[in-house]
Amino acid sequence: MTVDTPKLHTTKCSQNPTPHSNFVKIVEVGPRDGLQNEKIIVPTKTKLALIEKLSQTGLSVIEAGAFVSPKWVPQMADTPQILQYLDKHPVDAVKSEGIMYPYLVPNLQGLQRALELGTTNLKEVAIFASASEGFSQKNINCSIDESLERFLPVLELCHDRGIRVRGYISMIFSCPYDGPTPSTRVAEVTKKLLDMGCYEVSLGDTNGTGTPPLTSVLLSTLLNKPYSIPVSRLACHFHDTYNSALVNVMTALYLGVRVFDSSVAGLGGCPYSKGATGNVSTEDLVYFLHGMGVGTGVDLERVSRVGDWISKELGRANGSKVGPALLTRVRAEQEKMEKEKEAKL
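This next bit is on the overall build of the chain. Secondary structure assignment for the chain yields 13 helices and eleven strands. The C-alpha radius of gyration of the chain comes to 20 Å, within 12% of the 20 Å expected for a compact globule of 345 residues. Along the first, second and third principal axes, the C-alpha set of the chain runs to 75 × 45 × 35 Å. A buried classification covers 55% of the 345 residues belonging to the chain. In the chain, the proportion of contacts linking residues at least 24 apart, taken out of those at least 6 apart, comes to 75%. For the chain, the accessible surface area stands at approximately 15300 Å², while carbon and sulfur atoms represent 53% of it. Taking the average location of the 36 positive side-chain charges in the chain and that of its 36 negative ones, the two points are 1 Å from each other.

What follows is the structure, encoded as structure tokens:
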């Protein structure tokens, strides 16, 4: 049974939708941002199964791992194996739809570790900075300016190798160490990342404190003078700590943003921000956007089944509201049809 699923859109992930487009590109961050905070190490087999299942849902971008220190993020220690596996065993959807599998790299060493594997599948990486000095020191042990300096050789090498680079900015609204984040500081870091060579910057509400007014003020600051950042170069990454992610998505959507990050089953959180819960769930985001008449190319029922599966694999509650509700309805319809068939025998 297929439920409220628009026809798959064929826009390639290398081309972002325009600000007035009726299509939104979803960047699935579950396999990386979603799993990295799980306390129990998730088997590589499970991670690969998750990526492959997500690859069959219509998603065009799936963040697959991170080349970070295993000492600091042990959950990502098997990222080299994941990159090598996807290079040698591409799923059918990869061949037909050109799915992008980005990897987070914290510095030049991380990028070099990825390149040394010699695969052909490394086509995009992501780097990350903070809009908060306190969080930058706590998370990567350096100032904002120092972190940007570290990324210069990463961007230069990626440019030479033809690898696209996406930028992330964390703590765009507030920080547990520094308090409210000035929108002008977010704009300054965003502009620097774009000037350095990032094709896009994802604005991260890491601890989920954003509201529609804050979202509106922030985006207005970035889009207008003196920064005048094109909205086509921006994405939004909302966490759902206070159940406000979707209304923030609506605000950003009206202001022209057409790229949003999400995580299947609402996986995720932030180890350096107590109380911060996971990303907005992919299932909830897809349902919301389809209800707004906005296409995503994502099959809602399929991604809901993936969310149900990974939640059971991890032994945790499903962070999506839409997924469990939709699957309950689907199962009820299936049971009804089976009973009707039996009655006719």
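In the structure shown here, the tally under the stated rule is twelve salt bridges. Here Glu200 makes a salt bridge to Arg166, at a shortest N to O gap of 2.6 Å. Separated by 34 residues along the polypeptide, Glu200 in strand E9 (residues 200-205) and Arg166 in strand E6 (residues 164-170) bring together distant segments of the chain. The exposure classification of Glu200 matches that of Arg166, with both residues buried. Overlapping salt bridges bring together Arg32, Asp33 and Glu63 as one network.

What follows covers the nonpolar core. Note that soluble globular proteins tend to have their nonpolar side chains buried in a common cluster. Judged by nonpolar contacts, the single largest core of 81 residues is most densely connected at Tyr101, Tyr103, Ile127, Phe260 and Leu289. Apart from residues no more than four positions distant in its own chain, Phe260 is found in contact with Val24, Lys25, Ile26, Val27, Cys236, Phe238, Val249, Ala252, Leu253 and Leu285. Formed by 15 residues, the second largest nonpolar core is a distinct cluster that contains Leu104, Phe128, Ile140 and Ala235.

Time to look at helix H8 (residues 183-196). Compared with the 20 Å implied by 1.5 Å per residue over 14 residues, the 20 Å span of H8 between its first and last C-alpha is a close match. Within H8, the full set of buried residues consists of Ser183, Val186, Ala187, Val189, Thr190, Leu193, Leu194 and Met196. Next to the buried residues of H8 lie strand E5 (124-130), helix H7 (144-161), E6, E9, helix H9 (212-223) and strand E10 (234-238). Among the residues trailing H8, Gly197 stands out with phi positive, at a value near 130°.

If you check helix H13 (residues 322-344), its first and last C-alpha atoms are 33 Å apart, about what 23 residues at 1.5 Å a residue would give, namely 33 Å. Taken together, the buried positions of H13 are Val322, Gly323, Leu326, Leu327 and Val330. Residues of H13 that are buried in the fold lie against helix H11 (282-291) and helix H12 (300-314).

Reading the values: the criteria
- Residues numbered from 1 in each chain as written.
- Predicted model: local features only at pLDDT ≥ 70, side-chain atom pairs only at ≥ 80, totals over all residues.
- Heavy atoms only, no water.
- Helix = DSSP H or I, 4+ residues; strand = E, 2+ residues; numbered from the N terminus.
- Rg over C-alpha atoms; globule rule 2.2 N^0.38 Å.
- Buried < 20%, exposed > 50% of the residue type's maximum accessible area, 1.4 Å probe, protein only.
- Contact = heavy atoms within 4.5 Å.
- Areas by Shrake-Rupley, 256 points an atom, 1.4 Å probe, with all protein chains shown as cover.
- Lys, Arg positive; Asp, Glu negative; His and termini not counted.
- Charge placed at Lys NZ, Arg CZ, Asp CG, Glu CD.
- Salt bridge = Lys/Arg side-chain N within 4 Å of Asp/Glu carboxyl O.
- Core = buried A, V, L, I, M, F, W, Y, C linked by side-chain atoms within 4.5 Å.
- Expected span 1.5 Å × (residues − 1).

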